[in-house]
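Remarks on the overall topology
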Amino acid sequence: MHLGVDSFVSSVTDPTDNRVISPAERMAHLLEEITLADQVGLYSFGIGEHHRSEYYDSAPQIILAAAAARTERIRLGSAVKVLSADDPVRVFQQFATLDLISKGRIDLVVGRGSFTEAFPLFGLDLADYDSLFNEKLELLLQIRDNLEVTWSGQHRPPLIRQSVYPRPVQDPLPIWVGVGGTPESFARAGHLGLPLMIAIIGGEPRQFAPLVDLYRRMGAQAGHAPEVLQVGLHVFGFVAETTQAAADTIYPGWNEMFTNISRERGFPRPTRQQFDATAGPDGAFFMGDPQTVADKILRVSEQLGGVDRLSLQMTNPRLAHGDLLRGIELLGTEVAPLVATA
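Position numbers for residues start from 1 in each chain and track the written sequence from start to end. Local features in this predicted model are restricted to residues whose pLDDT is 70 or higher, and side-chain atom pairs enter the listing and the counts only when it is 80 or higher, whereas totals over whole chains, interfaces and linings include all residues. With hydrogens and water excluded, all non-hydrogen atoms of the structure serve as input to the side-chain values.

1. Concerning the pattern of salt bridges
Applied cut-off: For this analysis, a salt bridge means a side-chain nitrogen from Lys or Arg found within 4 Å of a carboxyl oxygen belonging to Asp or Glu. The secondary structure listing takes helices from DSSP runs of H or I that are at least 4 residues long and strands from runs of E that are at least 2 residues long, numbered from the N terminus. Accessible area is worked out with a 1.4 Å probe on protein chains only. A residue is then buried under 20% of its type maximum, exposed over 50%, and partly exposed in between.
Summed over the entire model, instances satisfying the criterion amount to 22 salt bridges. Residue D107 pairs with R75 through a salt bridge whose shortest N-O separation is 2.9 Å. With a gap of 32 residues between them, D107 in strand β7 (residues 106-111) and R75 in strand β5 (residues 75-78) connect regions that are remote in the sequence. Grouping residues by exposure puts D107 and R75 together as buried. Across the pair D282 and R206 runs a salt bridge whose closest N-O atoms are separated by 4.0 Å.

Here you go:
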């Protein structure tokens, strides 16, 4: 199993002095984090996409280009690219260019996104939420798999014998589908034979086992080889020297982040009790000392019938840069070897 880190590049208030980190300094910190992940041997680093004031990742391709130029081995990718709100032609061109810059280290993970701000921003109707993604994924795959494309749809002008350049180093460019919890999304990814990245942000990971089985069953029925049907997990987590230290370090920012989201969406205010339960052995958070995190990764992989990739999302608006660097170091130097030798 391959381990990595995902970041939503949140704005940060340094908990040591309550100083708001400037956007420019936050970007410098992010590139330092990615460089360290490369140095400690982590497999991947993903950048999200949001169009909100508390995040700086509205243009993930540019961040990934900067990261590609200063790393050597680590795979870089989207976490996720909001395909519904973009043009598949431009998405392919941008990620193919990234693949050239990185010499073949790019993964394109596409999805709908968990926030809706991109739809009005780019003049799209939220009522077309599903049809936009389905149509644009179809076109993106056609562009990837064919040098010349003839295509027509509802949401974009047609292409008639058009070629899209540049072509990437990797043939084909890896395209993953990011999913939440709807059976239709799992079934479609299996039918298409695309690797699956599951965002687990609540509940118990083992509850996804029937959906993973559905994905693999649909893939097999469509004639796809088992090795093509990869399963990845995007999960919230953090690694520290002790489990208590991990929880205490992460909780203040988690509480701030989810209090704001709960207020927006009309949910009850989160509590420390809820946080501790979700960080427990069966909860959605992968948090603790290296052995605890490694044990949980292996246990969840077994529950889901095997996981190929797991990325810890460590974004937190009150996490000191030094603490995040230490968490990345522990993930690469201690957790990853424990998982690899199990």
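2. Comments concerning the packing of helix α1 (residues 23-39) against helix α11 (residues 321-340)
Formally: A fitted line through C-alpha atoms serves as each axis, taken over the contacting stretch for helices, and the angle formed by two N-to-C directions is quoted from 0 to 180°. Orientation labels follow simple angle bins: below 35 degrees gives roughly parallel, above 145 gives roughly antiparallel, 65 to 115 gives roughly perpendicular, and whatever is left gives oblique. The hand of a helix crossing depends on one turn: near helix anticlockwise from the far one by less than a right angle means left-handed, and clockwise means right-handed. Residue contacts follow a heavy-atom distance rule, with two residues in contact if any of their heavy atoms lie within 4.5 Å. When residues are sorted by character, Ala, Val, Leu, Ile, Met, Phe, Trp, Tyr, Cys and Pro go into the nonpolar class, Asp, Glu, Lys and Arg into the charged class, and all the rest, Gly among them, into the polar class.
It is at 9 Å that the axes of α1 and α11 come closest, and there the two elements cross at 20°. In terms of axis orientation, α1 runs roughly parallel to α11. Note that α1 runs across α11; the crossing there is right-handed. Seen from α1, the contacting residues are H29, E32, E33, L36 and A37; seen from α11, they are H321, L324, L325, I328 and E329. Considered class by class, the residues forming the contact of α1 with α11 number five nonpolar, two polar and three charged.

3. A closer look at the packing of helix α2 (residues 60-70) against helix α3 (residues 88-102)
Orientation of α2 relative to α3, taken along the N-to-C sense of each, is 10°, at an axis distance of 9 Å. The pairing of α2 with α3 is recorded here as roughly parallel in orientation. Side by side, α2 and α3 meet where Q61, L64, A65, A68 and A69 of the first sit next to Q94, F95, L98, I101 and S102 of the second. Partitioned by chemical class, the residues of the contact of α2 with α3 number seven nonpolar, three polar and no charged.

Keep in mind that these numbers describe shape and distance, not what the molecule does.
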